[in-house]
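Given next are the chains, with one letter for each unit.
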Amino acid sequence: KPGKSMVIGGGIAAVAVLAVLGYALSGGGKKAAPPPTAPASAPAVPVGPPPADPAATARQVIATALPSVPCTWLDLVHVDTKANSVGLAFRGVAGKPAEAQGQISRLLAEKGLQAGSIDFSDVSPIDARECGPLEAFRQIRAAGGDRLSVPQRSFAMVKLGPDAGADAGKMGAPAVIQLSLNGLSDDLALVGIEPSGAMTEFVSSRHDVTDNPDMEKPQPGVYRFTLNTTHTGWSGILMLTGKGPFDKTLLSGPAGSHGPDWPQRFLKEAQQRGWKAEMVWYRTVEGST
């Protein structure tokens, strides 16, 4: 059962949909490009001696490699091994998918593993011009990163009901987002990211979550809400944790609107306040998922 729509800043009626994020995720009516399907590039270095445990080695290589793969936010979702050949499946986003696949192949080869397949079909391609924010977020990626989640990767578009506020009657996908605050004493912010790279901070403190009486709470410390997303394609949700406040001027606005020094300003603020980042990406599709 989808959770109730969240309050923005605690000041909008709890039954209202996230109107600000709904605009941010509308994508201006443009559809995001389909996921890349090109095969991974062949390793550029000779394959070394096969490791004793190919699956464990592959996971270790990927865990070490992901923070260094440019313009990506990737999660490893599957590993399949046969001798020293591995098949990998990822989800997330990439500005240059083919280059990312090639770098992963080379890193595996250095550890004696042949990349039999690298599945990027669940990776959303983004414009390389939007890599600046992603590069900054990736540098403060939280270890583990399991507080923010979606129950499924795709949500079907339906005609939105009267509780969708300004979006009532439109076609939209009720995307369910879940976050766990168990063991987290830090403050938090949530930011919606549309395919163009535009951002909207729609939760500015943990009180916007914990003090919302209409927030669904399936388990102690776990909260669930729904975002009505009115475009087809990919959308991202960024969760920042650390010391607040979270500067809305850094985390909202069209892509490129913050100037070329935005990554430096963001990272300086993140370092001073101990911010860590998590992200989830989901796709909205026409018809059944």
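Residues numbered from 1 in each chain as written. Predicted model: local features only at pLDDT ≥ 70, side-chain atom pairs only at ≥ 80, totals over all residues. Heavy atoms only, no water.

Caption draft 1: Region of interest: unusual backbone geometry. With an omega of 0°, the peptide bond running from Gly244 to Pro245 counts as cis. Secondary-structure assignment places Pro245 in the loop between strand E12 (233-242) and helix H6 (248-251). Phi is positive for Cys71, which is not a glycine, with a value near 50°. Looking at where Cys71 falls in the secondary structure, it is placed in the loop between helix H2 (54-65) and strand E1 (72-82). Relative accessible area serves as the criterion here: at 5%, Cys71 is assigned to the buried category. One non-glycine residue with positive phi stands out, namely Ala83, at about 60°. Tracing the backbone through its elements, the reader meets Ala83 in the loop between E1 and strand E2 (85-94). On the basis of relative accessibility, which here comes to 64%, the residue Ala83 falls in the exposed class. (Helix = DSSP H or I, 4+ residues; strand = E, 2+ residues; numbered from the N terminus. Buried < 20%, exposed > 50% of the residue type's maximum accessible area, 1.4 Å probe, protein only.)

Caption draft 2: Layout of the layout of surface pockets. Taken as a whole, the largest pocket encloses approximately 470 Å³ of empty space. Together, 24 residues line the largest pocket, and Leu74, Asp75, Arg141, Gly144 and Gly145 are the ones closest to its centre. Where the lining of the largest pocket is concerned, the elements lending two or more residues are E1, E2, strand E4 (148-149) and strand E13 (276-285). (1 Å grid on protein atoms, 1.4 Å probe; cavity = no way out; pocket = protein on both sides within 12 Å on 5 of 7 lines; lining within 4 Å. Points joined across faces, edges and corners; volume = space filled by probe spheres on them.)

Caption draft 3: Region of the structure containing the pairing of strand E11 (residues 222-229). Across the 8 residues of E11, 8 count as buried, placing the element largely inside the fold. Of the two faces of E11, the one lined by Val222, Arg224, Thr226 and Asn228 and the one lined by Tyr223, Phe225, Leu227 and Thr229 are each fully buried. Note that strand E7 (residues 171-180) and E11 share 8 bridges and pair antiparallel. When the bridges of E11 are listed, Leu179 appears paired with Tyr223. The antiparallel pairing of strand E10 (residues 216-219) with E11 creates a hairpin that spans 2 residues between the two strands, and Gly221 there sits at a positive phi of about 80°. (Pairing = 2+ DSSP bridges.)

Caption draft 4: Broad picture of the confidence of the model for the chain. Here the chain averages 81 in pLDDT, and 82% of its residues register 70 or above. The low-confidence segment residues 6-44, where pLDDT is below 50, has 92 contacts with residues more than four positions distant or belonging to other chains. (pLDDT = per-residue confidence, 0-100. Contact = heavy atoms within 4.5 Å.)

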